[in-house]
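Coordinate analysis (summary)
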Amino acid sequence: MTNKQAFLEAQNYIPGGVDSPVRAFGSVGSDPVIIEHGEAEFLYDIEGNKYIDYVLSWGPLIFGHCDKDIENAVISAAKKGLSFGAPCLLETKLAKLVLSKFPWLSQIRFVSSGTEATMSAIRLGRGYSGKNGIIKFEGCYHGHSDSLLVKAGSGATTFGYSSSLGVPEDIVKNTHLAIYNDLNSVEECFKSGDIGVIIVEPIAGNMGLVPAKQEFLDGLRKLCDKFGAVLIFDEVMSGFRASSTGSYEFNGIEADIVTFGKVIGGGMPCAAYAGKAEIMKLISPLGGVYQAGTLSGNPVAMAAGLASLNKIYSTLNLYDELSKKAKFIIDILKTSADGAGIPLQVDMRGSMWGYFFNENPVSNYADALKSDTKMFARFHGEMLKRGIYLAPSQFETGFVCTTLSQNSLELTANAIKESFKAL
Ligand SMILES: *Cc1c(COP(=O)(O)O)cnc(C)c1O
């Protein structure tokens with residue numbers, strides 16, 4: 001079967017042929033390739049084509065596909081049962097490990113997806129502050145729960161509708177939209193007097209890569225303290241990706257609640273939210289904020305997370321090495337674009353890297369939307385033809401993994417140079 005045939009068949013049974021919209025390659029005008037297997041930094045499609053993978057399951061696979069330590073941990077956990085719906089020791093182990101790296105966070109609750117983590121964190125933040133209003137930023141994506149699906153990034157931007165049908169006005173009326181990296185817009189929101197929560201990606205990765213400025217995050221911290229609001233850092237993407245402590249390494253700010261996902265599960269469905277003691281004690285069964293999950297903290301996901309994080313914390317210079325690879329890529333992108341006379345903006349944080357076909361630096365959603373998405377689509381197609389698998393949208397972040405070899409980097413560099421010449 002060819003990729004095309006398989007995708008056509010999938011479309012008969014699954015809406016759009018995919019279980020998450022951006023996978024459909026809608027914004028790059030080509031068909032997705034159907035994956036047969038992965039190995040290290042490579043993906044193989046059902047036609048036998050090989051790609052160097054810079055999507056890495058949208059972040060989780062920091063050690064590449066089929067990492068032996070994670071694989072073995074998953075297999076041995078699976079042999080003892082896939083899920084108990086009862087406490088197991090692995091949950092406490094993973095909790096202790098994560099919390100030991102974030103000294104200001106005292107407890108953590110595991111869930112199964114980033115969407116659940118942020119949705120629950122918002123509920124908890126509202127429960128704690130006693131106020132309904134939340135501030136979210138245009139272009140930040142926090143999963144697909146109702147109150148957060150307003151001017152969201154990622155797939156929501158890629159498909160040209162910034163918000164979703166089926167989300168009642170009544171629900172989003174409490175969601176105040178502010179502009180990323182713009183404190184005045186946040187102060188404006190606080191005038192409503194009802195703001196109990198700010199949720200932000202401290203290193204935005206879902207409108208393309210747009211790191212927050214230090215003064216901006218400092219300002220958010222101060223405003224929350226001043227007005228008794230809870231500050232949530234959504235580090236579902238940046239946690240364990242930008243550094244072993246996510247954005248903290250870069251900006252040193254202690255959020256009241258931090259959400260994790262992606263890398264924390266090592267490729268299995270696992271996410272979490274962690275918070276300060278006085279906040280976390282409000283969660284059920286201790287307090288009145290309800291949150292639960294049949295598969296939450298299941299042993300297989302916990303084992304994958306533990307293996308992944310243990311490896312992160314025991315690998316010397318992990319993020320330095322990853323940063324070098326990311327730097328190599330953005331440097332080649334930039335010099336090749338310059339050579340071709342095509343305006344390009346590049347940036348990186350740890351193992352995250354991004355590029356915009358844009359004449360000006362990008363510091364918020366409106367800036368990002370000015371990018372040349374047609375040029376991006378052509379570039380994406382040229383790269384895919386040359387065996388480089390990039391996120392199929394201008395509004396996503398690229399990742400590198402530890403197994404990415406010098407040879408693969410050279411191949412990527414050549415593909416980049418050739419692709420820019422072909423544009
Ligand atoms: C991916 C992501 C989410 C959603 O996580 P899912 O596991 O896809 O539900 C939330 N927030 C951020 C910052 C993300 O990158």
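Residues numbered from 1 in each chain as written. Predicted model: local features only at pLDDT ≥ 70, side-chain atom pairs only at ≥ 80, totals over all residues. Heavy atoms only, no water.

Looking at an unreviewed UniProt entry, one finds the protein named Glutamate-1-semialdehyde 2,1-aminomutase, with Campylobacter iguaniorum as its source organism. Among the UniProt annotations of the protein, the heading Pathway (unreviewed entry) holds the following wording: "Porphyrin-containing compound metabolism; protoporphyrin-IX biosynthesis; 5-aminolevulinate from L-glutamyl-tRNA(Glu): step 2/2." (UniProt positions renumbered as here; feature names shortened; annotations may be inferred.)

**Section: helix H1 (residues 3–13)**
Those residues of H1 that fall on the buried side of the exposure criterion are Asn 3, Ala 6, Phe 7 and Ala 10. Taken down its axis, H1 places every buried residue within 95° of arc, on the same side. The exposed residues of H1 that point more than 90 degrees off its buried face are Lys 4, Leu 8 and Asn 12. Against the buried residues of H1 lie strand E2 (42–45). (Buried < 20%, exposed > 50% of the residue type's maximum accessible area, 1.4 Å probe, protein only. Helix = DSSP H or I, 4+ residues; strand = E, 2+ residues; numbered from the N terminus. Arc of directions from axis to C-beta. Contact = heavy atoms within 4.5 Å.)

**Things to note about the site of the ligand**
In the vicinity of the ligand, the contacting residues are Ser 113, Gly 114, Thr 115, Tyr 141, His 142, Gly 143, Glu 201, Asn 206, Asp 234, Val 236, Met 237 and Lys 262. At 3.3 Å, a backbone N or O of Tyr 141 approaches a nitrogen atom of the ligand. Within the side chain of Asn 206, a nitrogen or oxygen atom sits 3.1 Å from an oxygen atom of the ligand. For the ligand, the protein covers 82% of the area, taking 380 Å² as the surface of the free molecule. Residues belonging to the shell around the ligand are distributed by class as follows: three nonpolar, six polar and three charged. (Near = heavy atom within 4 Å. Polar contact = N/O pair within 3.5 Å; in protein donor to acceptor, adjacent residues only side chain to side chain. Areas by Shrake-Rupley, 256 points an atom, 1.4 Å probe, with all protein chains shown as cover. Nonpolar A, V, L, I, M, F, W, Y, C, P; charged D, E, K, R; others polar.)

**Here's the deal with the UniProt feature "modified residue: N6-(pyridoxal phosphate)lysine" (unreviewed entry) in the protein**
In the numbering adopted here, UniProt assigns the feature "modified residue: N6-(pyridoxal phosphate)lysine" (unreviewed entry) to Lys 262. Position of Lys 262 among the secondary structure elements: in the loop between strand E11 (257–260) and strand E12 (271–275). Beyond its immediate stretch of four places on either side in the chain, Lys 262 contacts Trp 58, Pro 60, Val 236, Met 237, Gly 267 and Cys 270.

**Details of the domain arrangement of the protein**
What the domain assignment lists for the protein is domain 1 (3–66 + 316–422) and domain 2 (68–314). A separation of 25 Å is found between the C-alpha centroids of domain 1 and domain 2. Tallying the contact residues gives 37 residues for domain 1 and 41 residues for domain 2. Summed over both partners, the interface of domain 1 with domain 2 comes to about 3100 Å²; 65% of that surface belongs to carbon and sulfur atoms. Of all residues in domain 1, Phe 63, Arg 349 and Tyr 365 bury the most surface against domain 2, accounting for 23% of the area lost on that side. In this assembly, domain 1 and domain 2 are joined by zero salt bridges. Between domain 1 and domain 2 we count eight residue pairs in polar contact (both at pLDDT 80 or more) in total. Contributing elements (two or more residues each) for the side of domain 1 that touches domain 2: helix H12 (318–340), strand E13 (345–349), strand E14 (352–356) and helix H13 (365–369). Ranked by residues supplied to the side of domain 1 that touches domain 2, first place goes to E14 with four residues. Class assignment of the residues belonging to the side of domain 1 that touches domain 2 gives a composition of 23 nonpolar, eleven polar and three charged. (Domains from an automatic or database assignment. Buried area = accessible area lost by both parts, 1.4 Å probe. Salt bridge = Lys/Arg side-chain N within 4 Å of Asp/Glu carboxyl O.)

**Some thoughts on the pattern of salt bridges**
Counted according to the given criterion, the structure contains 15 salt bridges. Here Asp 31 makes a salt bridge to Lys 4, at a shortest N to O gap of 2.7 Å. One end of the pair, Asp 31, is in the loop between H1 and strand E1 (35–39); the other, Lys 4, is in helix H1, and 27 residues separate them in sequence. A salt bridge links Asp 256 to Lys 276; its shortest N-O distance comes to 2.9 Å. Of this pair, Asp 256 sits in the loop between helix H9 (248–251) and E11 while Lys 276 sits in the loop between E12 and helix H10 (277–280), placing them 20 residues apart in sequence. Take Asp 256 and Lys 276: they sit in the same class, and that class is buried. The network of salt bridges with shared partners includes Arg 221, Asp 225, Asp 256 and Lys 276.

**Thoughts on the sheet that holds E1**
Spatially, the four strands line up as an open sheet ordered E1-E2-E3-E15, and their pairing is mixed. One side of each edge strand has no neighbouring strand; the edge strands of this open sheet are E1 and strand E15 (388–389). Sheet topology note: the E1/E2 ladder contains four bridges and is antiparallel. Bridging across to E2, Glu 39 finds its partner in Phe 42. (Pairing = 2+ DSSP bridges.)

**Focus on helix H11 (residues 299–314)**
In this model H11 runs 22 Å from its N-terminal to its C-terminal C-alpha over 16 residues, within 8% of the 22 Å that 1.5 Å per residue would give. For H11, a buried count of twelve out of 16 residues is recorded, marking the element as mostly surrounded by other parts of the structure. What H11 keeps buried is the set Pro 299, Val 300, Ala 301, Met 302, Ala 303, Ala 304, Gly 305, Leu 306, Ala 307, Ser 308, Leu 309 and Ile 312. Those residues of H11 hidden inside the fold are in contact with helix H2 (68–78), helix H3 (89–101), strand E4 (107–111) and H12. Between the side-chain oxygen of the N-cap and the backbone nitrogen of Val 300 there are 3.1 Å, and the N-cap of H11 in question is Asn 298. (Expected span 1.5 Å × (residues − 1).)

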